[in-house]
Amino acid sequence: MRFAKYFSAVDSHTEGMPTRVITGGVGVIPGETMADKRLNFIKNHDHIRRLLVNEPRGHAAMSGAILQPPTRPDADWGVLYIEVSGCLPMCGHGTIGVATVLVETGMVEVTEPITTVRLDTPAGLVLADYDTRTKLVTIRNVPAYAHELDATVQVPGLGEVRYDMAYGGNFYAILPLDQLGIPFDRTEKDRILAAGLSIMDEINAANRPAHPLDPAINGCKHVQFTAPGQDGAHSRNAMAIHPGWFDRSPCGTGTCARMAQLHARGELGIGADFVNESFIGTRFIGRLLEEVPLGDRTAVVPTVAGRAWITGMGQYLLDATDPFPEGFSL
Ligand code: PYC
């Protein structure tokens, strides 16, 4: 057999959501910053993402992270986030997975009981504190902010939809699912997903959000349908993501966006815990540390805590004769 490509990987899941951490085989992507590397990767190397997340090596809700040397002296590793939806600026569940893999495989120097891993991400520096006693990873994310409150959009088949747009490393349209009259129930997943995809299409056509300091971070690929929390959770979500899947975790950047939205509405104070529950019942614990300026806006610095578990280690290969060199999706 002749291998056209050969990648080493450590697979994990964060509260149910996979992160395939690519530890070798990609090489160093050119770029002065991780944001530059992300754009270069999207333009010139996206076939690698497709090969690693699409079927048959991945699946319709696959997600991963490619390790890179950092581009800044205060970081231990650089990270590019890959998913079926594309190459994200930041990913919370992915960061929890990366920190767990780096510590558990000894790729960073481990200190007991807390190891701090400093990650250079396309959205900015993210710190991850790994607790070796509990496996809990607490990430200190980039500043999150409420981009627009009480926006409306006309959606075919749904009429006028009211939503808040918030950023937590990605942009999230946030609305209560009961606004659409759909029960918060996994048996309704097809209807919920179809509504989410239509809403993001119309928002991107009519009112596409962009980050105030980095216009390359733009567009809404996530619709966070919320429901009241239960059994100690403050909120639940069904996170509909382009091109058609749900986050299995409570969504790290989505939890940060939700906290920024609640803070802007005066419903979440600095220092208060916010427990967010996923569509499969797993939880992250979020908290806002402080307010900070972000261009001419006010943002908040969020933390999110959750756990990840390693599920496998392996090599992913591309045989030179494989008829699907970029995999496929159905
Ligand atoms: O955890 O930030 C997250 C995330 C983004 C997309 C899927 N998960």
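Everything discussed here concerns the structure shown above.
Below is a summary of the structure that appears in this document.

Criteria and thresholds
Residues numbered from 1 in each chain as written. Predicted model: local features only at pLDDT ≥ 70, side-chain atom pairs only at ≥ 80, totals over all residues. Heavy atoms only, no water. Helix = DSSP H or I, 4+ residues; strand = E, 2+ residues; numbered from the N terminus. Disulfide = S-S within 2.5 Å. Buried < 20%, exposed > 50% of the residue type's maximum accessible area, 1.4 Å probe, protein only. Near = heavy atom within 4 Å. Polar contact = N/O pair within 3.5 Å; in protein donor to acceptor, adjacent residues only side chain to side chain. Areas by Shrake-Rupley, 256 points an atom, 1.4 Å probe, with all protein chains shown as cover. 1 Å grid on protein atoms, 1.4 Å probe; cavity = no way out; pocket = protein on both sides within 12 Å on 5 of 7 lines; lining within 4 Å. Sits in = over half its atoms within 2 Å of the grid points. Nonpolar A, V, L, I, M, F, W, Y, C, P; charged D, E, K, R; others polar. Points joined across faces, edges and corners; volume = space filled by probe spheres on them.

Backbone torsion omega between E55 and P56 reads 5°, so that peptide bond is classified as cis. With respect to the helices and strands, the residue P56 is situated in the loop between helix 2 (46-53) and strand 3 (63-68). H242 connects to P243 through a cis peptide bond whose omega is 0°. Tracing the sequence through the fold places P243 in the loop between strand 13 (235-241) and strand 14 (245-246). One non-glycine residue, K135, lies in positive phi territory at about 70°. With respect to the element layout, K135 can be found in the loop between strand 7 (124-131) and strand 8 (136-140).

Attention shifts here to the state of the cysteines. Throughout the structure, instances matching the rule amount to zero disulfides. Between C251, a cysteine without a disulfide, and C91, which holds the nearest cysteine sulfur, the sulfur-to-sulfur distance is 6.9 Å. For C251, a relative accessible area of 4% gives the class buried. Cysteine C256 remains unbridged, with the sulfur of C251 as its closest cysteine sulfur at 8.8 Å.

Attention now goes to the site of the ligand. Not every one of the 13 residues close to the ligand is listed here, only the nearest: G92, H93, D247, G252 and T253. Between an oxygen atom of the ligand and a main-chain N or O atom of G252, the distance comes to 2.7 Å. In the complex, the protein chains occlude 100% of the 240 Å² of accessible area that the ligand would expose alone. Cavity membership is defined here by more than half of the atoms lying within 2 Å of grid points; on that basis the ligand lies in the largest cavity. Contributions of two or more residues to the shell around the ligand are made by helix 3 (92-104) and helix 5 (252-264). Looking at side-chain class alone, the shell around the ligand contains six nonpolar, five polar and two charged residues.

Right, let's get into the layout of surface pockets. Here the largest pocket defines a volume of roughly 300 Å³. Around the largest pocket sit 20 residues that line it, and R38, R208, N218, G219 and K221 are the ones nearest its centre. Class assignment of the residues belonging to the lining of the largest pocket gives a composition of nine nonpolar, seven polar and four charged. In this structure, the second largest pocket occupies an estimated 250 Å³ of space. Those elements that provide at least two residues to the lining of the second largest pocket are helix 4 (189-206) and strand 14. In terms of residue count, helix 4 provides more of the lining of the second largest pocket than any other element does, three residues in total.

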